[in-house]
Amino acid sequence: MMSPRAGAPPPCPRAHSPNALAQLHAALAKSGLSTCSATPATAAAAARACTRLRDIRAGRAVHGASAKLALLSASTLLPNALLHLYASSPGEHHLHLARLLFDTMPDRDAASYNILLTALAARGHVAEALELFDEMPEPSVRSWTALIAGFAQSGSPADALRVFRDMELAGVAPNEVTIVAVFVACADVGDLETGRKVHAYARRRGYGKSNVLVCNAAIDMYVKCGCVDAARAVFDAMENGRTVVSWSAMICGHAMHGEGDKALELFAAMRGRGVPPNGVTFVGLLHACSHMGLVDQGRAFFQSMEKDHGIAPEIEHYGCMVDLLSRAGRLQEALEFINGMPMEPNSVVWGALLGGARLHMDVEVGEKAIRRLAVLDPGNDGYYVVLSNIYANAGRWEDVARVRRAMKLRGVKKTRGWSAISVGGAVHEFTAGDCAHPQVTAICETLDRLLGEARRRGYAPDTSVVLLDVDDGEKERVLARHSEKLAVAFGLMATPPGTTLRVMKNLRVCSDCHAMMKVISEIAGREIVVRDRNRFHCFKNGVCSCRDYW
DNA sequence: CTAGGGTTAG
C-alpha cells in the first residue's frame, strides 16, 4: 500500500569532507546543532540525527570521528546513540555491527540492552533476544515491551504471548504500548481470552476510550477473534476522535464478518464526518462488496478512488476487483480486467481468479490461472488443491491424478489441515481423522450422533470436496472426520450448553463442513464462529453469516 | 529525546 517511508524525513546530502572532524561537523550541521565543539553530547546528537535521517554513511563518519577524538569512553550516551544507529538500520549486516559494538562497549546500561533487544526481537531473532533479555540486570517495562512488540510484529505471536505471561508472573505492569502489542499478538493467533483480559485491564487503566492506538488495536483484536460486536462497541465508545485507521479497521472488520451493509453504512458516516479515506478503507469497501456480490457498487468505489479521493489504486485494489468479478461469475470480465492492469498481476490476483473458477466450476479459466500461479508462487500447495477440486467436480479424475503427480514432481507438499478450539484456557488441536486426542472415542460418538440427526434434518454429505478416487462410502467416512467437525464435537462436549464455540482453522472451511456447521448450530442451539484462512463464518440457528457466498 | 504502538484483497 503506502510507501513505508511515507512521512519519513527526506534523505540528506552525503558527507564528503576529507577528514573525520570535518565530517563530524558536517553531520552536526545537518542536524541543525551548534558545531563549536565536539563533545560526547554533540556527537551523540549527530548520531541521533543520522538515525532519524536514516543516513548510515554519515553515521559511520560520526562513529569514526568519535573514535579518533576519544569521545566514546566518557559515558554510555554516545555509544548508545551509535548502537541505536546500527541497530535500527536495515540489513543483517548492520545488526551484526550493532551486536559487535554492544559486545565491545566498555559500559552498558539498561538502554544499551533495550536498544539491542528491540532490534533482535523486531527482526524475529527470538532465541537471541530471549538470551540477551535473561542476561540483562533489571528488565523494565520497556524491555518486556520491546520483546513482546518485536515478536508480535515479526510473525512470532505465540512467543509474544509467552513473554507476556512471564511478564505478568514477574509482576511488571504493562503500559499502553505493551497492551497494543499484546492485542496484535492475540489478533494473530485468535486468543480471545487473553485479549479480553488485557482489554479489561486497559479500561481499568483508563486507556479504554482515550488512547486511539489502544482502541484501534482492540478493534482489530476483537474482529480477528470473532467478536465483531465487541469491536464495534469499542469503536462506538471512542472518545478522543477516531482516525482513518479506526474507521478502516472497523470497515474491514464488518467486511470480514460478512456484514457488508454495515461496512458501507460506516463509510457513509465517515464521509459525513469529513474523514478522508485512504487506500486501506477502499480495500475494506471492495472486500465488503465482493462478499455481497455488489459488482456495480464495487466498480463505482474503485473508480471513485482516483476521481474523488485522489488515491491511486494499488495491486490490492486490483486484487479485490478480480475477486469481486470472479466471485460473481464474471470470469471473462475478470480476465480482461487482469489483462488491463497497469502493473504486473501477482499471485493473489491470479489466486482470486482461480477461486472464482472453482466457485463456478470453470476448468478452462482455472487452468489459465494455475499456469501463472505455478510460476509466481510455485511452492504454494493451495492452488493445486483448488485446481484438483475443479477437476474432481467435473469428474476428471485422471486430471486430479495429473495434478498430484505435478505436485510430487515439484516437491510441493499438501498442507495438513488443522482446527483448534480453546476450552478452559487450553487450546485443543485436531487434524483430519485425528485419533490422538485423549477423548477420541467420545468425540467420534458425539459426531456420529450429530451426523444422524443432521441427516434427518436434510443434510447430505457433499463428497465432491474429497479428492480421492474412492467410493462414496469411503468419501463420507473421510468427510465425517474433518478437523473442524472434530473440534466442534469436542467443543460441544466440553462446554456448558449455550456457550459460543470458536474454532480456528489453518485452511479454508470446506463446503461440506460449512453445511454441517449450519445444521449443528441448529441442533445444539449454539453459535459457532469459525475463523477461516481468510474470513469468519458465524453459524447460528442453521444459517451462516456469509450467506453461503464465500 | 538512548528503547516501544493501530487498519490492507485469496
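Residues numbered from 1 in each chain as written. Chains lettered and ligands numbered in written order. Predicted model: local features only at pLDDT ≥ 70, side-chain atom pairs only at ≥ 80, totals over all residues. Heavy atoms only, no water.

In the nomenclature of an unreviewed UniProt entry, chain A is known as DYW domain-containing protein of Urochloa decumbens.

**Side note on the packing of helix 8 (residues 141-153) against helix 10 (residues 176-189)**
Describing two packed helices takes the angle between their axes plus the distance from one axis to the other. Put simply, the rule reads: Angles shown run from 0 to 180 degrees and are taken between the N-to-C directions of axes, each axis being a line fitted to C-alpha atoms and, for helices, limited to the stretch in contact. Counting from the N terminus, the helices are DSSP H or I runs at least four residues long and the strands are E runs at least two residues long. With respect to orientation, any angle under 35 degrees is reported as roughly parallel, any angle over 145 as roughly antiparallel, any angle of 65 to 115 as roughly perpendicular, and every other angle as oblique. Each helix crossing is assigned a hand: it is left-handed if the near helix lies turned anticlockwise from the far helix by less than a right angle, otherwise right-handed if that turn is clockwise. Between two residues, a contact is recorded if the distance between any of their heavy atoms is within 4.5 Å. Under the convention adopted here, Pro, Cys and the residues Ala, Val, Leu, Ile, Met, Phe, Trp and Tyr are nonpolar, Asp, Glu, Lys and Arg are charged, and Gly plus all remaining residues are polar.
Look at helix 8 against helix 10: their axes get within 9 Å of each other, and the N-to-C directions meet at 25°. As far as their axial angle goes, helix 10 and helix 8 are roughly parallel. Taken as a pair, helix 8 and helix 10 cross one another with a handedness that is left-handed. On helix 10, the residues touching Val141, Thr145, Ile148, Ala149 and Ala152 of helix 8 are Val177, Thr178, Ala181, Val182, Val184 and Ala185. A per-class count over the contact of helix 8 with helix 10 returns nine nonpolar, two polar and no charged.

**Digging into the protein's contact with DNA strand B**
Stated formally: Proximity is defined per residue: any heavy atom of the residue falling within 4 Å of a molecule or strand makes that residue near it. By the criterion applied in these results, polar contacts are pairs of N or O atoms within 3.5 Å in which, for protein atoms, one can donate a hydrogen and the other can accept it, and in which residues neighboring in sequence qualify only through two side-chain atoms.
Around DNA strand B, the structure places 43 residues, and the nearest of them are Arg48, Ala111, Asn114, Asn175 and Asn216. Atoms of DNA strand B within 4 Å of the protein: sugar and phosphate make up 49%, bases the balance. In this structure, a phosphate oxygen belonging to DNA strand B sits 3.2 Å away from a side-chain N or O atom of Arg327. Note that a base nitrogen of DNA strand B is positioned 2.6 Å from one of the side-chain N or O atoms of Tyr383.

**Some words on the packing of helix 10 against helix 11 (residues 192-204)**
Where helix 10 meets helix 11, the closest approach of the two axes is 9 Å, and the angle between their N-to-C directions is 160°. The angle between helix 10 and helix 11 falls in the class roughly antiparallel. Judged by the twist between their axes, the crossing of helix 10 over helix 11 is left-handed. Together, Ile179, Val182, Phe183 and Cys186 of helix 10 and Thr194, Gly195, Val198, His199, Tyr201 and Ala202 of helix 11 make up the contact between the two elements. Split by residue class, the contact of helix 10 with helix 11 holds seven nonpolar, three polar and no charged.

**Quick notes on the UniProt feature "domain: DYW" (unreviewed entry) in chain A**
The condition is simple: UniProt positions are given in the numbering used here, feature names are shortened, and annotations may be inferred rather than shown by experiment.
Within this structure's numbering, the places UniProt gives as "domain: DYW" (unreviewed entry) are residues 458-550. In this annotation, residues 458-550 is assigned 37% helix and 17% strand; the end-to-end C-alpha distance for the span is 22 Å.

**Overview of the UniProt feature "repeat: PPR" (unreviewed entry) in chain A**
The feature "repeat: PPR" (unreviewed entry), as annotated in UniProt, sits at residues 109-139, 140-174 and 243-277 in this numbering. From the first C-alpha to the last, residues 109-139 spans 11 Å; its make-up is 74% helix and 0% strand. End C-alpha to end C-alpha, residues 140-174 measures 10 Å, and it is 74% helix and 0% strand.

**Quick look at the nonpolar core**
The condition that has to hold: Joining through side-chain atoms within 4.5 Å is the link that ties buried Ala, Val, Leu, Ile, Met, Phe, Trp, Tyr and Cys residues into a set, and such a set is a nonpolar core. Any residue under 20% of the maximum accessible area for its type is buried, any over 50% is exposed, and the rest in between are partly exposed; the area is computed with a 1.4 Å probe on protein chains only.
Ile219 and Leu353 are the most contacted members of the largest nonpolar core, which has 131 residues in total. Among the nonpolar cores identified, the runner-up in size contains 34 residues, and Ile443, Leu447, Ala454 and Val519 belong to it.

**Brief notes about helix 15 (residues 244-256)**
An α-helical turn contains 3.6 residues, so any two residues separated by three or four positions project in the same direction. To keep it simple, the criterion reads: Expected helix span is computed as 1.5 Å times (number of residues minus one).
Relative to the 18 Å expected for 13 residues at 1.5 Å per residue, helix 15 spans 18 Å between its end C-alpha atoms, a close match to the ideal helical length. Counting buried residues in helix 15 gives 11 out of 13 residues, a clear majority hidden from the surface. Of the residues making up helix 15, those classed as buried are Ser246, Trp247, Ser248, Ala249, Met250, Ile251, Cys252, Gly253, His254, Ala255 and Met256. Looking at the packing, one finds that the buried side of helix 15 touches helix 13 (212-224), helix 14 (228-237), helix 16 (260-272), helix 17 (279-292) and strand 5 (536-540). A positive backbone phi angle near 75° is found at Gly258, which sits one or two residues after helix 15.

**Brief notes about the pattern of salt bridges**
As a reminder, the rule being used: What makes a salt bridge here is a side-chain nitrogen of Lys or Arg within 4 Å of a carboxyl oxygen of Asp or Glu, nothing more.
Tallied over the full model, the rule gives 24 salt bridges. Between Asp399 and Arg402 there is a salt bridge, and its shortest N-O distance comes to 3.0 Å. Of this pair, Asp399 and Arg402 both sit in helix 24 (residues 397-409), three residues apart, roughly one helical turn. Judged by relative accessible area, Asp399 falls into the buried class, the value being 9%. Between Asp448 and Arg481 there is a salt bridge; the shortest N-O distance is 3.2 Å. With a gap of 33 residues between them, Asp448 in helix 25 (residues 440-456) and Arg481 in the loop between helix 26 (472-479) and helix 27 (483-494) connect regions that are remote in the sequence. Bridged by salt links that share partners, the residues Asp296, Arg299, Arg330 and Glu333 form one connected network.

**Quick word on the packing of aromatic side chains**
Condition: In this scheme Phe, Tyr and Trp rings, the latter by its six-membered ring, pair at centre separations within 6.5 Å, and the angle between planes marks the pair as stacked below 30 degrees, edge-to-face above 60, and tilted otherwise. Geometrically, a charge over a ring is one whose NZ (Lys) or CZ (Arg) sits within 6 Å of the ring centre while staying within 35 degrees of the ring normal.
Across all of its chains, the model carries 10 aromatic pairs by this definition. Ring centres of Phe267 and Phe301 lie 5.5 Å apart, and the angle between their planes is 85°; this geometry places the pair in the edge-to-face category. Of the two residues, Phe267 sits in helix 16 while Phe301 sits in helix 18 (residues 295-309), which places them 34 residues apart along the sequence. As far as burial versus exposure is concerned, Phe267 and Phe301 are alike and both buried. Connected via pairs of aromatic rings, a cluster forms that spans Phe267, Phe282 and Phe301. A cation over an aromatic ring shows up here: Arg242 above the ring of Phe235, its NZ or CZ 4.5 Å from the ring centre.

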